[in-house]
Amino acid sequence: MRAVTTVGNNLVVRDHRDPRPGTGEVLVEVRAAGVNGADLMQLKGFYPAPPGSPPDILGLELAGEVIALGAAASRFRVGDRVMALVGGGGQAELATVHERLLMAIPDTVDWIEAGGFAEVFTTAHDALFTQAGLRSGEHVLVNGAAGGVGVAAVQLAHLAGAHVCATVRAEQLRAEVAKLGADVVTGPDGAAAH
């Protein structure tokens, strides 16, 4: 398989051995993979891949089609459309992923949307609901609301019934963040728009 591979601080497309799914894993033919800040940090040597993840293939999120099942893998079938947050290796033609990390892709979501979904929405969901315990009717401030995790956080908090205050760095981003569900958006001048 081919994969985006780190060589020093550069990226090159290289051939790698095709991975084989282990116990509880599936083999995914990757159709789309996100590019995140963590990928860029890993390229610079500041964010090493966790144990068990490819140390030289970037990609923390992916979307693709299940093409093979490892022993004891039973949640998905060959041909299923899936997306996942992974420790690395998403920017390759093939990736093995433990089935517990996979989510089915709804029919209404295309490959590109699914390929950039898992990392930001999982991070935002964890921060809002697991870490902060956000509940309907509460107020939440989302800093950097026009970034990937911020965009996800605004939408999730709004859908949960929270009052969302958001900050953006550029004036032209205010209206877009408001459309996502922010009740108040503050720009670089400090003024708030409702």
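Residues numbered from 1 in each chain as written. Predicted model: local features only at pLDDT ≥ 70, side-chain atom pairs only at ≥ 80, totals over all residues. Heavy atoms only, no water.

A few points about the overall build of the protein chain
Helix and strand content of the protein chain: five helices and 11 strands. Dimensions along the principal axes, computed over C-alpha positions, put the protein chain at roughly 55 × 40 × 30 Å. Burial analysis of the protein chain (194 residues in total) assigns 39% to the buried set. For the protein chain, the exposed area adds up to about 10600 Å²; of that, 54% sits on carbon and sulfur atoms. If you average the places of the 14 positive and of the 21 negative side-chain charges in the protein chain, the two averages end up 3 Å apart. (Helix = DSSP H or I, 4+ residues; strand = E, 2+ residues; numbered from the N terminus. Buried < 20%, exposed > 50% of the residue type's maximum accessible area, 1.4 Å probe, protein only. Areas by Shrake-Rupley, 256 points an atom, 1.4 Å probe, with all protein chains shown as cover. Lys, Arg positive; Asp, Glu negative; His and termini not counted. Charge placed at Lys NZ, Arg CZ, Asp CG, Glu CD.)

As for the pattern of salt bridges
In this structure the tally under the stated criterion is five salt bridges. Residue Glu29 pairs with Arg31 through a salt bridge whose shortest N-O separation is 3.9 Å. Given a relative accessible area of 33%, Glu29 falls into the partly exposed group. Measuring nitrogen to oxygen at the nearest pair gives 3.4 Å for the salt bridge that ties Arg174 to Glu171. For Arg174, a relative accessible area of 11% translates into the label buried. If you follow the salt bridges from partner to partner, you end up with Glu29, Arg31 and Glu65 in one network. (Salt bridge = Lys/Arg side-chain N within 4 Å of Asp/Glu carboxyl O.)

Things to note about the packing of aromatic side chains
Enumeration according to the criterion identifies one aromatic pair in this entry. For the pair Phe117 and Phe121, a centre-to-centre distance of 4.4 Å together with 10 degrees between the ring planes defines the contact as stacked. Residue classification places Phe117 among the partly exposed positions, given a relative accessible area of 31%. Over the ring of Trp111 we find Arg81; its NZ or CZ atom is 4.7 Å from the centre of that ring. (Phe/Tyr/Trp six-rings, centres within 6.5 Å; stacked < 30°, edge-to-face > 60°. Lys NZ or Arg CZ within 6 Å of the ring centre and 35° of its normal.)

Quick word on the packing of helix H3 (residues 118-131) against helix H4 (residues 148-159)
The contact between H3 and H4 brings their axes to 8 Å, and the two run at 55 degrees. In terms of orientation, H3 and H4 fall into the oblique class. In this structure, the crossing between H3 and H4 has a hand that is right-handed. Contact residues: H3 offers Glu119, Val120, Phe121, Thr123, Ala124, His125, Leu128 and Phe129, while H4 offers Gly148, Val149, Ala152, Ala153, Gln155, Leu156 and Ala157. (Axes fitted to C-alpha atoms, helices over the stretch in contact; angles between N-to-C directions. Parallel < 35°, antiparallel > 145°, perpendicular 65-115°, else oblique. Left-handed = near helix turned anticlockwise from the far one by under 90°. Contact = heavy atoms within 4.5 Å.)

A closer look at the side chain of Thr6
With respect to the helices, strands and loops of the structure, Thr6 is situated in strand E1 (residues 2-7). Judged by its relative accessible area of 18%, Thr6 is buried. Ignoring sequence-local partners within four residues, the contact set of Thr6 consists of Leu11, Leu43, Pro55, Asp56 and Leu58.

Structural notes on H4
For an α-helix, the turn length of 3.6 residues means that residues three or four places apart are oriented alike. When the terminal C-alpha atoms of H4 are compared, their 17 Å separation across 12 residues agrees well with the 16 Å that a helix rising 1.5 Å per residue should span. Regarding H4, the residues found buried are Gly150, Ala152, Ala153, Val154, Leu156 and Ala157. The secondary structure elements touched by the buried residues of H4 are H3, strand E8 (139-142), strand E9 (163-167) and helix H5 (174-179). Trailing H4 by a residue or two, Gly161 shows a phi angle of about 90 degrees, which is positive. (Expected span 1.5 Å × (residues − 1).)

With respect to the layout of surface pockets
As a volume, the largest pocket reaches approximately 380 Å³. Lining the largest pocket are 20 residues, with Gly52, Ser53, Pro54, Gly88 and Thr96 sitting closest to its centre. Here the element with the most residues in the lining of the largest pocket is strand E6 (residues 94-98); it accounts for five residues. Tallied by class, the residues present in the lining of the largest pocket amount to 10 nonpolar, seven polar and three charged. (1 Å grid on protein atoms, 1.4 Å probe; cavity = no way out; pocket = protein on both sides within 12 Å on 5 of 7 lines; lining within 4 Å. Points joined across faces, edges and corners; volume = space filled by probe spheres on them. Nonpolar A, V, L, I, M, F, W, Y, C, P; charged D, E, K, R; others polar.)

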